[in-house]
Amino acid sequence: MSESTPAIKVTLSSKKEVILREPRISDQETAMQLASPRAKDNAMLLVSFSQKELLKLLLLKVDGKTPSKLEIEQLDKMFTLAEYNQLQQVVGKLAGGDPNMGECLTEIVTSGDK
């Protein structure tokens, strides 16, 4: 029997539906570790890269399809810049950031995938 995972359903303004796994503290730490070598000593790049890495860690489904590891690494092929920015706003809110998320809808759902 598969275990349900708390997840967040995001309906972007483009009507694309994205399922994100609920973030954990370890996800944020992992994202920072993955982003740190590329950002070097640039704090702004570290924030940008770590947000992208966090999104990649949380991404479960896009329009009902589970993306492959390669697809997750190539976010440009899955999302427009506007969609990506909306997802970044959602991830920021989930991590305790700005409550203003723009034109997208989020719902708490469960996902059978681990």
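Quick question: what am I supposed to make of the side chain of E53 here?
With respect to the helices and strands, the residue E53 is situated in helix α2 (residues 43-58). In contact with E53, other than residues within four places in its own chain, are A31, L34, A35 and R38.

Any chance you could explain the nonpolar core here in plain terms?
If you look at soluble globular proteins, the nonpolar side chains tend to sit buried side by side. Core analysis: the largest hydrophobic core is formed by 19 residues, its most contacted members being V10, V18, L20, L59 and F79. For this core, the elements supplying multiple residues, two or more each, are β1 (5-11), β2 (17-21), α2, β3 (59-62), α4 (75-78) and α5 (81-94). The element contributing the most residues to this core is α5, with four residues. Leaving out residues up to four positions away in the same chain, F79 has contacts with K16, V18, L59, V62, Y84 and L87.

Hey, could you run me through the layout of surface pockets in this one?
Over the atoms a probe the size of a water molecule is rolled, and this reveals where empty space is left. Here the second largest pocket is characterised by a volume of approximately 180 Å³. Looking at the second largest pocket, it is lined by twelve residues, and the ones nearest its centre are Q28, S50, Q51, L54 and A95. Residue assignment for the lining of the second largest pocket shows that the elements contributing at least two residues are α1 (25-39), α2 and α5. A per-element tally of the lining of the second largest pocket places α2 first, with four residues. Residues that form the lining of the second largest pocket fall into these classes: six nonpolar, six polar and no charged.

Would you mind showing me how to read the sheet that holds β3 here?
The pairing of strands in a sheet comes from backbone hydrogen bonds and takes either a parallel or an antiparallel form. Strand order across the open sheet formed by four strands is β3-β2-β1-β4, with antiparallel pairing between neighbours. Two strands bound the open sheet, and with one partner strand each, they are β3 and β4 (105-111). On average, each strand axis in the sheet is inclined to that of its neighbour by 25°, with strand direction left out of account. Inspection of the sheet shows β2 paired to β3 by three bridges, in the antiparallel sense. Looking across to β3, one finds that L20 is bridged to L59. Packing against the sheet, α5 makes contact with β1, β2 and β4, and its axis sits at approximately 30° to β2.

About the criteria used
Each chain carries its own residue numbering, running from 1 in the direction its sequence is written. Predicted model: local features are reported for residues with pLDDT of at least 70 only, side-chain atom pairs are reported and counted for 80 or more only, and whole-chain, interface and lining totals are derived from all residues. The side-chain figures draw on all heavy atoms in the structure; neither hydrogens nor water molecules are used. Working definition: helices are DSSP H or I runs of at least four residues, strands are E runs of at least two. Numbering for both runs from the N terminus. Whether two residues touch is decided by their heavy atoms; if any such pair falls within 4.5 Å, the residues are in contact. Grouping buried Ala, Val, Leu, Ile, Met, Phe, Trp, Tyr and Cys residues that are joined through side-chain atoms within 4.5 Å yields what is termed a nonpolar core. Classification of residues uses two cut-offs on accessible area relative to the type maximum, computed with a 1.4 Å probe and protein chains only: under 20% is buried, over 50% is exposed, and between them is partly exposed. Using a grid of 1 Å spacing that covers the protein atoms alone, one calls a set of points a cavity when a 1.4 Å probe fits there but cannot get out, and a pocket when the set is open and has protein on both sides within 12 Å along at least five of seven lines; lining residues are those with an atom within 4 Å of a point. Grid points are joined across faces, edges and corners, and a volume is the space filled by probe spheres set on the points. Each residue gets one of three labels, nonpolar for Ala, Val, Leu, Ile, Met, Phe, Trp, Tyr, Cys and Pro, charged for Asp, Glu, Lys and Arg, and polar for the others, Gly among them. Strand pairing requires that DSSP identify at least two bridges connecting the strands. Angles run from 0 to 180 degrees between N-to-C directions of axes, and those axes are lines fitted to C-alpha atoms, restricted for helices to the stretch in contact.

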